[in-house]
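One letter stands for each residue in the lines below.
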Amino acid sequence: MNFITNLIGGLSLGGIYAMIALGYTMVYGIAKMLNFAHGDIIMVGGYTILVFTAQSVHPLIAIALAIIFCVGLGVVVERVAYKPLRGASPLAVLITAIGVSYLLQSLAQMFFGSGTKMVTGLDLGSFNIGSLKISVSTIVTLVSCIAVMVALNLFVKYTKTGRAMIAVSEDKGAAQLMGINVNLIIMITFAIGSALAALAGTFYLMRSPSIYSTFGSLPGIKAFSAAVIGGIGSIPGAMLGGILLGVVEVFANSVSAIAPYTDAIEFAILIIILLVKPTGFLGKKRREKV
Amino acid sequence: MALLEVKNLEVYYGVIQAIKGISFEVNKGEIVTLIGANGAGKTTTMQSIMGLIHARAGEVIYDGQPITNMPAHKIVRLGMTQVPEGRRIFSELTVYENLLMGAYTKKDKAQISEDLDEIYKIFPRLLERKNQVAGTLSGGEQQMLAMGRAMMSKPDLLMLDEPSMGLSPLLVDQVFEIIKHFHEKGTTILLVEQNANKSLAISDRAYVLENGKIVLSGTGEELLASEDIKKAYLGG
């Protein structure tokens, strides 16, 4: 019985990681950069929900506003901080991304203080199946994550914009020759990634409703690991890696002897997989073009 | 009338000047070839015309409109496109999806499917492999796909960068046949080739590029007959 509860909880947490990982992996695939500020978008989404629910705005509306705000923020960050560095060395871009991350965290501390705040109104209660107690938010998270992933796959495979994303990720120059506006595609990618981050932040708050300035750091770094485990740049890989880490985390947490080492176990998985398969599960070997 | 005019084009890689002020033009309805050895600057010229590499000085004029350093995706919409060196097909997409990417700027679905049928008629091999992932095609098939993909944008001016590179003699002949076919259908062609013999034979005019400069120009026949060209490029 415990096993089933853990499995559902793990899949649900994994879904959250997968959603965040999708943002990392899509941005990496298309803009060829690691957006280390991605985790902080989750935090901004969380604070946006806090602000609006504190004004007694309906939680669903607050979530929608958080998504909109994060999409705007993601696009602005890309335009202001990353776009001018197109073609610069990867190290410069990486440092900029880390800078953006600290900037967002510091801004959050300026506006909301460094303490922890509680978000109310996201608790959906729980229900029982036989002796099984399952929280509604777990199920909502799981179902939403599955829906989002299916939708994203269909979008990439069957829409013109989605195929343009694949084209840009493979060969920017050739994509331009098709008439694809590469900058626009990169912007859309950041928008999608940020929307997913805001949604993931919401689900994370449903699990534990406290928010603070580094709220996005740990899930961000775990989701990044998930993206790498699955093969960075690969959309199914991000999903696989996210779900794997989520399930491992919940099961490890349920055994009291190893629970304190859960994070260590997750990152150990990352290291082992990188040693055995450096490209991750579904990553491709990229041949360098001359 | 000149469809494409290049005036005193200069391109640098860092401090090294790759293109040293070249001028040439392509008239409507012509096949024009740029020939030259490896490193002469042929591909650089093509890429800077297309806005893929920044030109430091000079002018590119397409159909009377200056397009110097305009982003490639905008140039494509004006009716000019390029089959890049090394084909650069999208290997994760299917043959069909690659061809659709070629029609990215087009909105009329009925027209797109008509154009698709036309391409499949010219390249029956692509129809056979329609749903195959493009990365699994042979080199020759990939070249066909790259050419078909470019034609899906229905360009007035098609530039081809080394289309015969790495192909068997039989396939090279086929590639030149197809270029002639596109030309007969009304497409103006700018060709960059190392295979001087074959390209000069189908060209109205040609330019010889050496170390980033145009050193010789003339009709295809004149250059084929030129002693200098014979020595340098035709192996005799």
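Computed from a predicted model, the values in this text were never measured in an experiment. (Residues numbered from 1 in each chain as written. Chains lettered and ligands numbered in written order. Predicted model: local features only at pLDDT ≥ 70, side-chain atom pairs only at ≥ 80, totals over all residues.)

## So, the overall build of chain A
For chain A, the helix and strand inventory stands at eleven helices and four strands. In terms of C-alpha radius of gyration, chain A reaches 19 Å, essentially the compact-globule figure of 19 Å for 290 residues. For the C-alpha atoms alone, the extent of chain A along its principal axes is close to 60 × 45 × 35 Å. Here chain A holds 290 residues, and the buried ones make up 48% of them. (Helix = DSSP H or I, 4+ residues; strand = E, 2+ residues; numbered from the N terminus. Rg over C-alpha atoms; globule rule 2.2 N^0.38 Å. Buried ≥ 20, exposed ≤ 12 C-beta atoms within 10 Å, placed from the backbone.)

## A short note on unusual backbone geometry
Residues and elements named next belong to chain B. The residue aspartate 63 is not glycine, and still its phi comes out positive at about 55 degrees. Assignment of secondary structure puts aspartate 63 in the loop between strand 4 (57–62) and strand 5 (65–66). Here arginine 88, not a glycine, exhibits a phi torsion of approximately 50 degrees, which is positive. Relative to the helices and strands, arginine 88 resides in the loop between strand 6 (80–83) and helix 3 (95–102). With 20 C-beta atoms packed within 10 Å, arginine 88 lands in the buried category.

## Regarding the sheet that holds strand 7 (residues 157–161) of chain B
Residue and element names in this part refer to chain B. The mixed open sheet is built from six strands, whose spatial order is 6-7-8-3-9-10. Edge positions in the sheet fall to strand 6 and strand 10 (213–219), since each has one partner strand and no second. Each strand axis lies, on average, 15 degrees off the axis of its neighbour in the sheet, ignoring direction. Summarising the sheet, strand 9 (residues 205–210) and strand 10 pair through six bridges and their orientation is antiparallel. (Pairing = 2+ DSSP bridges. Axes fitted to C-alpha atoms, helices over the stretch in contact; angles between N-to-C directions.)

## Description of the interface of chain B and chain A
Facing the 20 residues of chain B at the interface are 14 residues of chain A. Elements that contribute at least two residues to the side of chain B that touches chain A include exactly helix 2 (72–78), strand 6 and helix 3 of chain B. The element contributing the most residues to the side of chain B that touches chain A is helix 2 of chain B, with four residues. Considering only residue class, the side of chain B that touches chain A consists of nine nonpolar, seven polar and four charged. (Contact = placed C-beta atoms within 7 Å. Nonpolar A, V, L, I, M, F, W, Y, C, P; charged D, E, K, R; others polar.)

## Thoughts on helix 7 (residues 169–184) of chain B
Compared with an ideal rise of 1.5 Å per residue, which puts 16 residues at 22 Å, helix 7 of chain B spans 23 Å between its outermost C-alpha atoms and is within 8% of the ideal. Looking one or two residues beyond helix 7 of chain B, the residue adopting positive phi is glycine 186 of chain B, at roughly 110 degrees. (Expected span 1.5 Å × (residues − 1).)

## Re the nonpolar core
Residues and elements named next belong to chain A. Ala18, Ile20, Ala21, Cys70 and Ala200 are the most contacted members of the largest nonpolar core, which totals 155 residues. For this core, the element with the most residues is helix 8 (residues 182–207), which contributes 15 residues. Discounting residues that sit within four places of it in the chain, cysteine 70 has contacts with Ile41, Val44, Gly45, Ser194, Ala195, Ala197 and Ala198. (Core = buried A, V, L, I, M, F, W, Y, C linked by C-beta atoms within 7 Å.)

## Details of the environment of isoleucine 112 of chain B
Examined against the element boundaries, isoleucine 112 of chain B turns out to sit in helix 4 (residues 109–122). Considering only alpha carbons, one finds isoleucine 112 of chain B and methionine 1 of chain B, 111 residues apart in sequence, at a separation of 29 Å.

## A word on helix 9 (residues 217–230) of chain A
All names here are of chain A. Taking 1.5 Å per residue as the helical rise, helix 9 with its 14 residues ought to reach 20 Å, and the 20 Å between its terminal C-alpha atoms agrees with that figure. Across the 14 residues of helix 9, eleven count as buried, placing the element largely inside the fold. Among the residues of helix 9, Pro219, Gly220, Lys222, Ala223, Phe224, Ser225, Ala226, Ala227, Val228, Ile229 and Gly230 are the ones counted as buried. Each element contacted by the buried residues of helix 9 is listed here: helix 1 (2–31), helix 2 (38–54), helix 8, helix 10 (235–254) and helix 11 (262–276). One or two positions beyond helix 9, positive phi appears at glycine 231, with a value near 105 degrees.

## Things to note about the sheet that holds strand 4 of chain B
Residues and elements named next belong to chain B. Across the sheet, four strands lie side by side as 2-1-4-5; this open sheet has antiparallel pairing. Only two strands of the sheet have a single partner each, and these edge strands are strand 2 (16–27) and strand 5. The pairing of strand 1 (residues 2–13) with strand 2 spans nine bridges and is classified as antiparallel. Bridging across to strand 2, tyrosine 13 finds its partner in isoleucine 16.

## Observations regarding the confidence of the model for chain B
As a general rule, the predicted coordinates of low-pLDDT regions are not to be interpreted in detail. Across chain B, the average pLDDT comes to 94, with 99% of residues at 70 or higher. On the interface metric, ipTM, the complex scores 0.93, and its pTM is 0.92. (pLDDT = per-residue confidence, 0-100.)

## A word on the packing of helix 10 of chain A against helix 11 of chain A
Residue and element names in this part refer to chain A. For the pair helix 10 and helix 11, interaxial distance at closest approach is 9 Å and the crossing angle is 145 degrees. You can see that helix 10 and helix 11 cross each other, and the crossing is right-handed. Counted together, Leu245, Val248, Glu249, Ala252 and Asn253 of helix 10 and Thr262, Ile265, Glu266 and Ile269 of helix 11 form the full contact between these two elements. (Left-handed = near helix turned anticlockwise from the far one by under 90°.)

## Quick notes on the pairing of strand 4 of chain B
Residue and element names in this part refer to chain B. Sheet topology places strand 1 next to strand 4; five bridges connect them, and they run antiparallel. In the strand pairing of strand 4, glutamate 10 is matched with alanine 57. Note: strand 4 against strand 5, two bridges, orientation antiparallel. Each bridged residue has a counterpart across the sheet, and for isoleucine 61 the counterpart in strand 5 is proline 66. Adjacent in sequence and paired antiparallel, strand 4 and strand 5 are bridged by two residues, among which aspartate 63 carries a positive phi angle near 55 degrees.

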